[in-house]
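Structure at a glance
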Amino acid sequence: MNEKYLQPMLREGSLRDKTVVVTGGGSGLGKSMAEMLLRLGARVAICSRNEEKLKKAVADLHELTGNPDIMYAVCDVRDYDGVEQALEQIREHFGSFNALINNAAGNFVSPTERLSAHAFDVIIDIVLRGTKNVTLASGKYWIKEQIRPVSVVNIVTTYAFTGSGYVVPSAASKAGVLAMTRSLAVEWAKYGMRFNAVAPGPFPTKGAWDRLLPGDLRQKFDPAKRVPLGRVGAHAELANLVSYLLSEYAAYINGEVITIDGGEWLKGAGQFNAFDQVSGHQWDMLEQMIRKAKKK
Ligand code: HXC
Ligand code: NAP
């Protein structure tokens, strides 16, 4: 991967008109997206449950980008009143906000029959209910105050459309978030809002890797090997895409889901894709056999 393409893709100052709330912005992909937004001149509020983590992320992000317009608000996205309070703090600090990245999530791998009803609910509550809470509270504010243009990006996954075993609560929730994205893209366009989603493939983060690839699963199911391009994603690649979707350069993109996975999900879907394990020599023999079939 050429380092040049890990730099901001948009021109300096492209997001000076954006005040962005990033849920789960204290770690992983949320923090990387916050960094890119700050580099492009946005004001950014990160929110999640762990105040110590958020405080440290604010200090890191300020130091990394030199942009002082970064704040945090503590909230559990499962709690609607708590979400409203956090958004109020953000409005008090920045005056307003006009963009949102629904990125907070909870997930872990498990055979579904081993899950308690509560364990299943916890994932739905963070991912689907949480996204609904932040979206609804923000949307009511934007409509009431006639804030426009507004841009929302929801972080889903490729199994939002394929489904996946062993992460069933997450798959069901992300599918719900995708349906919400497409529904509101149409319903709330009249208020000057755009809704899009991004479906990342494997991007290494501690949060995801510890819960999805614990122990020796990491070697056994090396995610890079599942990707036709032969590597995992770089955080800046995702952050550049999301920055573009949030920006007014994407003002005509609404209701879209953009996959950024190096071709991973399609490799799993195409029935003959596993044939890339067939050697050239084997193909010579197979070709002869296939040609003979015509003569029979
Ligand atoms: C079975 C489990 C379990 C496990 C927890 N539980 N871990 N059950 N197997 N490995 C059960 C608990 O016993 C409990 O049920 C219920 O789940 C809730 O657990 P708590 O620990 O009380 O919940 P909470 O403190 O709210 O924590 C939520 C969490 C945790 C999701 C369990 O991991 C978390 O905070 N995660 C946030 C960050 C995260 O998950 N990041 C990864 C996102 S990656 P009982 O019945 O005992 O009460 C991602 C990638 C997608 O989304 C695509 C990748 C390609
Ligand atoms: P991560 O670092 O664990 O990020 C999840 C964030 O969500 C954390 O910062 C966490 O902060 C926050 N969060 C969790 N529960 C919350 C709650 N109830 N209220 C508020 N905040 C909460 O993992 P990540 O890999 O960066 O994941 C980020 C997003 O990318 C998720 O939507 C995930 O589904 C998606 N994604 C990731 C991958 C990947 O390969 N990494 C692939 C596809 C999709 P606190 O603990 O402080 O609350």
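Going by the structure above, here's the rest.
Structural notes, computed from the coordinates. What you are looking at is a predicted structure, and each value in this text was computed from that prediction instead of being measured.

Now for the packing of helix α1 (residues 28-39) against helix α2 (residues 51-65). As a packed pair, α1 and α2 sit with axes 10 Å apart at the nearest point and diverge in direction by 40°. As the angle between them shows, α1 and α2 are arranged oblique. Taken as a pair, α1 and α2 cross one another with a handedness that is right-handed. From α1, Lys31, Ala34, Glu35, Leu38 and Arg39 reach across to α2, where they touch Ala57, Asp60, Leu61, Leu64 and Thr65. Across the contact of α1 with α2, the residue classes break down as five nonpolar, one polar and four charged.

Attention shifts here to a nonpolar patch on the surface. A cluster of nonpolar side chains, namely Phe272, Phe275, Trp283, Leu286, Met289 and Ile290, defines an oily patch on the protein surface of about 630 Å² accessible area. Checked against the element boundaries, Met289 lands in helix α11 (residues 280-295). By relative accessible area, Met289 is classed as exposed at 54%.

On to the site of ligand 1, then. Around ligand 1, 17 residues are found, and the nearest of them are Arg49, Asn107, Ser116, His118 and Arg211. The side chain of Ser116 places a nitrogen or oxygen atom 2.5 Å from an oxygen atom of ligand 1. Between ligand 1 and His118 there is a distance of 2.7 Å, counted from an oxygen atom to a side-chain nitrogen or oxygen. Per-class residue counts for the shell around ligand 1 are eight nonpolar, six polar and three charged.

With that settled, the discussion passes to α11. Here α11 contains 16 residues, and its C-alpha end-to-end distance of 24 Å stays within 8% of the 22 Å for a straight helix at 1.5 Å per residue. Across the 16 residues of α11, zero count as buried, placing the element largely on the outside.

Cut-offs applied
Residues numbered from 1 in each chain as written. Chains lettered and ligands numbered in written order. Predicted model: local features only at pLDDT ≥ 70, side-chain atom pairs only at ≥ 80, totals over all residues. Heavy atoms only, no water. Axes fitted to C-alpha atoms, helices over the stretch in contact; angles between N-to-C directions. Helix = DSSP H or I, 4+ residues; strand = E, 2+ residues; numbered from the N terminus. Parallel < 35°, antiparallel > 145°, perpendicular 65-115°, else oblique. Left-handed = near helix turned anticlockwise from the far one by under 90°. Contact = heavy atoms within 4.5 Å. Nonpolar A, V, L, I, M, F, W, Y, C, P; charged D, E, K, R; others polar. Patch = residues over 30% accessible without salt bridge, like charges linked within 9 Å, V, L, I, M, F, W, Y side chains within 5 Å. Areas by Shrake-Rupley, 256 points an atom, 1.4 Å probe, with all protein chains shown as cover. Salt bridge = Lys/Arg side-chain N within 4 Å of Asp/Glu carboxyl O. Buried < 20%, exposed > 50% of the residue type's maximum accessible area, 1.4 Å probe, protein only. Near = heavy atom within 4 Å. Polar contact = N/O pair within 3.5 Å; in protein donor to acceptor, adjacent residues only side chain to side chain. Expected span 1.5 Å × (residues − 1).

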